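# Coordinate analysis (summary)
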Amino acid sequence: MKKLLAIILTLIFALTLTACGASEVDKVLDEFEVWADECVELMEQIKNDPTNAELIEEFEALASEGAKFEERMEELKDTIVTEKQAEEFAKRAEAVYEKIEKATEGLN
């Protein structure tokens, strides 16, 4: 189920990127990668200390920020990128989703 979700999110992200400007999309993807790294780090901490309410609350707050990336992609639809750029962006996004998916293994 998680893999299917990651694939669907990657496809949606890639399709959205085809209508975005490269430099701004790069910036958003850079921020998305940093955000994902923070999520993964927190997930690892939660795996090691699953009863730590502070970590769980921190993760929930961080996870709720994920919606900002979808909103920002919507805002960027007025610019156009090449197919090659869209493929590169999709590859980056997929790598992030895979990293998140791997980190969720073992979480309840």
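Structure: see above.
Rules used in this analysis
Residues numbered from 1 in each chain as written. Predicted model: local features only at pLDDT ≥ 70, side-chain atom pairs only at ≥ 80, totals over all residues. Heavy atoms only, no water. Helix = DSSP H or I, 4+ residues; strand = E, 2+ residues; numbered from the N terminus. Expected span 1.5 Å × (residues − 1). Buried < 20%, exposed > 50% of the residue type's maximum accessible area, 1.4 Å probe, protein only. Salt bridge = Lys/Arg side-chain N within 4 Å of Asp/Glu carboxyl O. Polar contact = N/O pair within 3.5 Å; in protein donor to acceptor, adjacent residues only side chain to side chain. Patch = residues over 30% accessible without salt bridge, like charges linked within 9 Å, V, L, I, M, F, W, Y side chains within 5 Å. Areas by Shrake-Rupley, 256 points an atom, 1.4 Å probe, with all protein chains shown as cover. Lys, Arg positive; Asp, Glu negative; His and termini not counted. Charge placed at Lys NZ, Arg CZ, Asp CG, Glu CD. Phe/Tyr/Trp six-rings, centres within 6.5 Å; stacked < 30°, edge-to-face > 60°.

## A look at helix H5 (residues 83–104)
Helix length check: H5 (22 residues) gives 31 Å between terminal C-alpha atoms against 32 Å at 1.5 Å per residue, within 8%. Taken together, the buried positions of H5 are occupied by Ala 86, Phe 89, Ala 90, Arg 92, Ala 93, Val 96, Tyr 97, Ile 100, Glu 101, Ala 103 and Thr 104. Of the residues flanking the end of H5, it is Gly 106, one or two places downstream, whose phi is positive at about 95 degrees.

## Considering the pattern of salt bridges
Evaluation of the coordinates by the stated rule reveals six salt bridges. Salt-bridge contacts for Glu 31 lead to Arg 72; the nearest nitrogen and oxygen are separated by 2.1 Å. Here Glu 31 is found in helix H2 (residues 22–48), whereas its partner Arg 72 is found in helix H4 (residues 67–75), with 41 residues between them in sequence. One salt bridge in this structure joins Lys 47 and Glu 44, with 3.6 Å as the shortest N-O distance. Of the two residues, Lys 47 and Glu 44 both sit in helix H2, three residues apart, roughly one turn of that helix. A cluster of three or more residues bridged by salt bridges with shared partners is formed by Asp 26, Asp 30, Glu 33 and Arg 92.

## Brief notes about helix H3 (residues 53–64)
Between the first and last C-alpha of H3 there are 17 Å, a value that for twelve residues agrees with the 16 Å anticipated at 1.5 Å per step. Measuring from the backbone nitrogen of Glu 54 back to the side-chain oxygen at the start of H3 gives 3.0 Å, which picks out Asn 52 as the cap.

## Here's the deal with a negative patch on the surface
Together, Glu 38, Glu 41, Glu 54, Glu 57, Glu 58, Glu 60 and Glu 65 make up a region of like negative charge exposed at the surface. Residue assignment for the negative patch shows that the elements contributing at least two residues are H2 and H3. For the negative patch, the element with the highest residue contribution is H3, accounting for four residues. Of note, Glu 38 is situated in helix H2.

## As for the packing of aromatic side chains
What the rule picks out here adds up to two aromatic pairs. Ring geometry for Phe 32 versus Trp 35: centroids 5.8 Å apart, planes at 15 degrees, classification stacked. Here Trp 35 and Phe 32 lie together in helix H2, a separation of three residues that amounts to about one turn. Judged by its relative accessible area of 4%, Phe 32 is buried.

From the geometry alone we can't say anything about function, so treat these as descriptive.
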